[in-house]
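Fold and geometry: a report
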Amino acid sequence: MKATRDEVRIGFYVCHCGHNIAALVDCPAVARYVGTLPGVVLSRDYKYMCSDPGQELIQQDIREHRLNRVVVASCSPLLHEHTFRSAVEAGGLNPFYFHMVNIREHDSWVHTDRILATEKAKALARAAIERVAHHKPLEIKKVPIHPDVLVVGGGIAGIHAALTLANAGKKVYLVEREPSIGGHMARFDKTFPTLDCAACILTPKMSEVGSHPNITLWTYSEVVKVDGYVGNYTVQVKRKARYIHEDLCTGCQDCIANCVYKEPKFADEFNEGLGKRKPVFIPFPQATPQVVLIDPEVCLNFKRNKNPDGTPVVSDKCKKTCVEACGERGAIDFTQKDELREIRVGTIIVCTGFQTFDARRVPAYGYGIYPNVYTALEIERLVNASGPTGGEVVLRGPKNPDGTPRKPRSIGIIHCVGSRDKKTNLWCSRVCCMYSMKLAHLLKEHTGAEIYNFYIDIRTPGKGYEEFYNKLLEEGTHFIRGRVGEVTDWAMTPEEEGKLVIRVEDTLAGVVRRIPVDMVVLATGLEPRADAAEVRRLFNMSCGGDGWFLERHPKLAPVNTFTDGVFLAGCCQGPKDIPDTVAQAGAAAAEALALIDRGYVEQEPNTAHILDNECSGCKSCIPLCPYTAILFDETRQKAYINEALCKGCGTCVGSCPSGSIVQNLFEDEEIFSEIRGVLAYD
Amino acid sequence: MTKEWSPRIVAFFCNWCTYTAADLAGVSRLKYAPNVRIIRLMCSGRVDPQFILDALARGADGVLIGGCHPGDCHYVEGNYKMLRRFTLLRRMLADLGIEPERVRLEWISAAEGEKVKRVINEMTEQLKALGPLGLPRKFAEWDREVIALAREVQDREAAAGPCPERPLTPEPQEAVHA
């Protein structure tokens, strides 16, 4: 039964929000004004509506004044609509007899004139009063949640999230683009500030992922399509051909030893190109899964030209000593093709990580020009015992006269390369100060060289971080405050001959200095991945202006996205160190668990339905629906909506020529009355 | 009217991108012109051209529609659907003598609080330059003219005496928009 205007009894509440609203909006005046509007039985202003007494007030008024509609003017509905709907429900009313007016984010916080802001608040309140009279009772639908979870990205964030969920008994699909999980952390030598070895703490977790019965690990795979909604996602994953049957490969690596290439010849991605690998390889000793792969770009058994669809052509020209070595195991298969798998999951955790800043973008620092300029990630590999040099720090540049590689006796570490810079990236990458100091310590340990750090500010906000800085100072590492102007090999004095000269303004001493060093390390910052925009589209997320994935709320929903059931963890959301990443991954897993264990999601009842009598059967709505929720009854020549598929966008409603489609909560009548309301001021 | 005229803008913002961006502008304490009244819809695809016409007819000097960037729509492609309608409507409005600047469609993502501020300020300035649209007043004027005309015809016919072949002019109607 539709309530007529006479029966409507509206209670109106305007919130002061402490001073947040009251400072710019005359709340008592708004309450007085609204009190004069038709249908309003009661109009109050109150300090904090969202507080318990505020909500209690609503419930009490509903009972005492027989209210059947409630309007609250306070903050954004995205923040507290749920709170007030619950309060209204607790008062014995249908929660959808409620409407919220945003006079904080859209009014008091964005304006400066008290009179105009108050006027705006009145207009917005009036719109809500006009609108709420048309509200109808609605029911929240409950949709079951698929208990499986997809974790995208197998860095430390993905590993931790997957393990947390798997240990809670949930089935997890962990999809990683690279041939092994581990991400950036697997490449690090030590971790700050405790200096425990990254591999020692990461490898056990990696192998736990590899052997966990609840985790399906798909490496060398990419998510290509995501359909559905919270609780019911259908995901397509492309498993790239590694030319090895994962289930048959035992990880013995006999194939690698017996490859026709006797020596490793091709740049090794894992070691930042500092080392070499063969066409058949395993990315690094602790790789998980322990499965080799073949690079068709360089393997002799493939032709250099490709099929029109981009797949490699098998030439069969090679002697295939690897196949021989594999023998009965028969794990090598040159005919393997990319494979598409479809999975159903209820929730998704995105942990796609970051990329390091390309140091070539700052040519003044000479990366790619002078061989002895390194990025920090290269140094991580160089000091690592299983790295390309076995942990010996030697220079890339000219060798000693006797042919042995030179060792650096002085090293300059330049901070903030690609961070805090208007020309490149504005943000602080958060980890560079700490990892630079870690590398300073490790390099000193390995080489005994003099180490110079060139910094803008030292930022050590973390447990034990400042202490680590102090330790470095005691070790005798030099810290020079100033942004480096350039790195050059142009010597001005005999001491500078054959060295790289760092030119910098020492802003503490107030002089320009030239510091000759053997090796320059660039502390490159963290950046969103180059394909972040595509990944974002895939999962229907948003990116901030800087390109990092956007969380739902910077403080109160830091792992949620605007798409329900899709969560974020790790550096894809912004630069952070390992402890923060792990904490965030745990939080994302907990959010997913909370959803799964409740078993269902509540869906906003803002779906659309078609008024059968008024539908003319023109079918213009049918192609508009992106979810194919609108169907056509041929016998009756009428369209109808499958409400289970409808997501409530209202696109069909806005285009129906006969006005026969109705969207709950956004009915034409409701919006027209809202328009009337916002314009009903002098 | 003693108060200085200032444009009225009715804005239809989609829940996921532009409304959130307006929230972000608030949280960031950006300051913009207080002329805009935001109405929340789930998707810019829900914007019925009638909403825009109704807003203008009821005294809005401009209408702003905000949706997600192309390709980012929470509902896949509602914003494209809006764009199509919008293009048609703009042509129709031009035919009606309503300046195209009065109706504006903007793609504003949830991260672009700054753009909310810029667009609203820009639009307020543009509308100030254009002056009031004043459709309700025009409607009332037109109503008065029609009534006056009808009266004149009636008087003339009364003076000329009854005409047997034609029935009398019907009673002039009350002003519809008064």
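Computed from a predicted structure; not experimentally measured.

**Observations concerning the environment of Ala33(B)**
- Within the secondary structure, Ala33(B) sits in the loop between α1 (18-27) and β2 (36-41).
- C-alpha separation for the pair Ala33(B) and Arg118(B), spaced 85 residues apart in sequence, amounts to 9.7 Å.
- When sequence neighbours within four positions are dropped, the list of residues in contact with Ala33(B) reads His111(A), Ile120(B), Asn121(B) and Thr124(B).

**What about the interface of chain A and chain B?**
- Between chain A and chain B, the contact holds 55 residues from the first and 51 residues from the second.
- In this assembly, chain A packs against chain B so that about 4,500 Å² is buried in total across both faces, 57% of it on carbon and sulfur atoms.
- It is His106(A), Trp109(A) and Leu679(A) in chain A that bury the most area against chain B; as a group they hold 14% of the surface buried on that side.
- Scanning the region where chain A abuts chain B turns up 4 salt bridges.
- The residue Asp668(A) makes a salt bridge to Arg46(B) at a minimum N-O spacing of 2.8 Å.
- One can count 19 residue pairs in polar contact (both at pLDDT 80 or more) joining chain A with chain B.
- Of all the elements in the fold, those that place two or more residues in the side of chain A that touches chain B are α3 (77-90), α4 (104-108), α5 (114-132), α13 (532-538), α15 (651-655) and α16 (668-679) of chain A.
- For the side of chain A that touches chain B, the element with the highest residue contribution is α16(A), accounting for 8 residues.
- Its residues placed into classes, the side of chain A that touches chain B shows 23 nonpolar, 19 polar and 13 charged.

**Notes on the packing of aromatic side chains**
- Under the defined criterion, the tally for this structure stands at 13 aromatic pairs over all chains.
- For the ring pair Phe302(A) and Phe334(A), a centre distance of 5.7 Å and an interplane angle of 65° mean the geometry is edge-to-face. With Phe302(A) in strand β17 (residues 302-306) and Phe334(A) in the loop between α9 (321-326) and β19 (339-345), this residue pair connects regions lying 32 residues apart in the sequence.
- Three or more aromatic residues joined by ring pairs form one cluster here, namely Tyr243(A), Phe302(A) and Phe334(A).
- Seen from the ring of Phe188(A), Lys438(A) lies directly overhead, with NZ or CZ sitting 5.3 Å from the centre.
- Against the face of Trp109(A) rests Arg29(B), its NZ or CZ located 3.7 Å from the ring centre.

**Quick look at helix α1 (residues 27-35) of chain A**
- Of the positions making up α1(A), those classed as buried are Cys27(A), Ala29(A), Val30(A), Ala31(A) and Val34(A).
- Next to the buried residues of α1(A) lie β1 (10-15), β2 (40-46) and α5 of chain A.

**A word on the packing of helix α2 (residues 52-64) of chain A against α3(A)**
Residue and element names in this part refer to chain A.
- Direction vectors running N to C along α2 and α3 enclose 35°, while the axes themselves pass 8 Å from each other. For α2 against α3, the interelement crossing comes out right-handed. The segment α2 lies against α3, with Gln-55, Ile-58, Gln-59, Ile-62 and Arg-63 engaging Thr-83, Phe-84, Ala-87, Val-88 and Ala-90.
- Here the residues of the contact of α2 with α3 sort into 6 nonpolar, 3 polar and 1 charged.

**Regarding α3(A)**
- With 14 residues, α3(A) extends 18 Å from end C-alpha to end C-alpha; this agrees with the ideal 20 Å at 1.5 Å per step.
- Restricting attention to buried positions, one finds in α3(A) the residues Pro77(A), Glu81(A), Thr83(A), Phe84(A), Arg85(A), Ala87(A) and Val88(A).
- Contact partners of the buried residues in α3(A): α2, β3 (69-74) and β4 (98-102) of chain A together with α1 and β2 of chain B.

**Looking at the state of the cysteines**
- Applying the stated criterion across every chain yields a total of 2 disulfides over all chains.
- Across the disulfide from Cys197(A) sits Cys200(A); the S-S distance is 2.2 Å. Looking along the S-S bond of the Cys197(A)-Cys200(A) disulfide, the torsion reads about 95°, which is the right-handed sense.
- For Cys200(A), a relative accessible area of 51% translates into the label exposed.
- Paired through a disulfide, Cys17(B) and Cys68(B) show a sulfur-sulfur distance of 2.5 Å. On the sign convention where negative is left-handed, the bridge of Cys17(B) and Cys68(B), at about 105° about the S-S bond, is right-handed. You can see Cys17(B) sitting in the loop between β1 (9-14) and α1 and its partner Cys68(B) sitting in the loop between β3 (62-67) and α3 (78-95), a full 51 residues away along the chain.

**What about the sheet that holds β2(A)?**
Residues and elements named next belong to chain A.
- In space, the 4 strands of this open sheet follow the order β2-β1-β3-β4, with parallel pairing throughout. Only two strands of the sheet have a single partner each, and these edge strands are β2 and β4. Ignoring strand direction, the axes of neighbouring strands in this sheet form an average angle of 15°.
- Relative to β4, β3 runs parallel, the two sharing 5 bridges. For Ser-74, the partnering residue across the bridge sits in β4 and is Asn-102.
- Sheet contacts for α5: β1, β2, β3 and β4; angle to β4, the most-contacted strand, approximately 165°.

**A short note on the confidence of the model for chain B**
- For chain B, per-residue confidence averages 89 on the pLDDT scale, and residues scoring 70 or more make up 89% of the total.
- Two summary scores accompany this predicted model of the complex, namely pTM at 0.83 and ipTM at 0.88.

Definitions and cut-offs
Residues numbered from 1 in each chain as written. Chains lettered and ligands numbered in written order. Predicted model: local features only at pLDDT ≥ 70, side-chain atom pairs only at ≥ 80, totals over all residues. Heavy atoms only, no water. Helix = DSSP H or I, 4+ residues; strand = E, 2+ residues; numbered from the N terminus. Contact = heavy atoms within 4.5 Å. Buried area = accessible area lost by both parts, 1.4 Å probe. Salt bridge = Lys/Arg side-chain N within 4 Å of Asp/Glu carboxyl O. Polar contact = N/O pair within 3.5 Å; in protein donor to acceptor, adjacent residues only side chain to side chain. Nonpolar A, V, L, I, M, F, W, Y, C, P; charged D, E, K, R; others polar. Phe/Tyr/Trp six-rings, centres within 6.5 Å; stacked < 30°, edge-to-face > 60°. Lys NZ or Arg CZ within 6 Å of the ring centre and 35° of its normal. Buried < 20%, exposed > 50% of the residue type's maximum accessible area, 1.4 Å probe, protein only. Axes fitted to C-alpha atoms, helices over the stretch in contact; angles between N-to-C directions. Left-handed = near helix turned anticlockwise from the far one by under 90°. Expected span 1.5 Å × (residues − 1). Disulfide = S-S within 2.5 Å. Pairing = 2+ DSSP bridges. pLDDT = per-residue confidence, 0-100.

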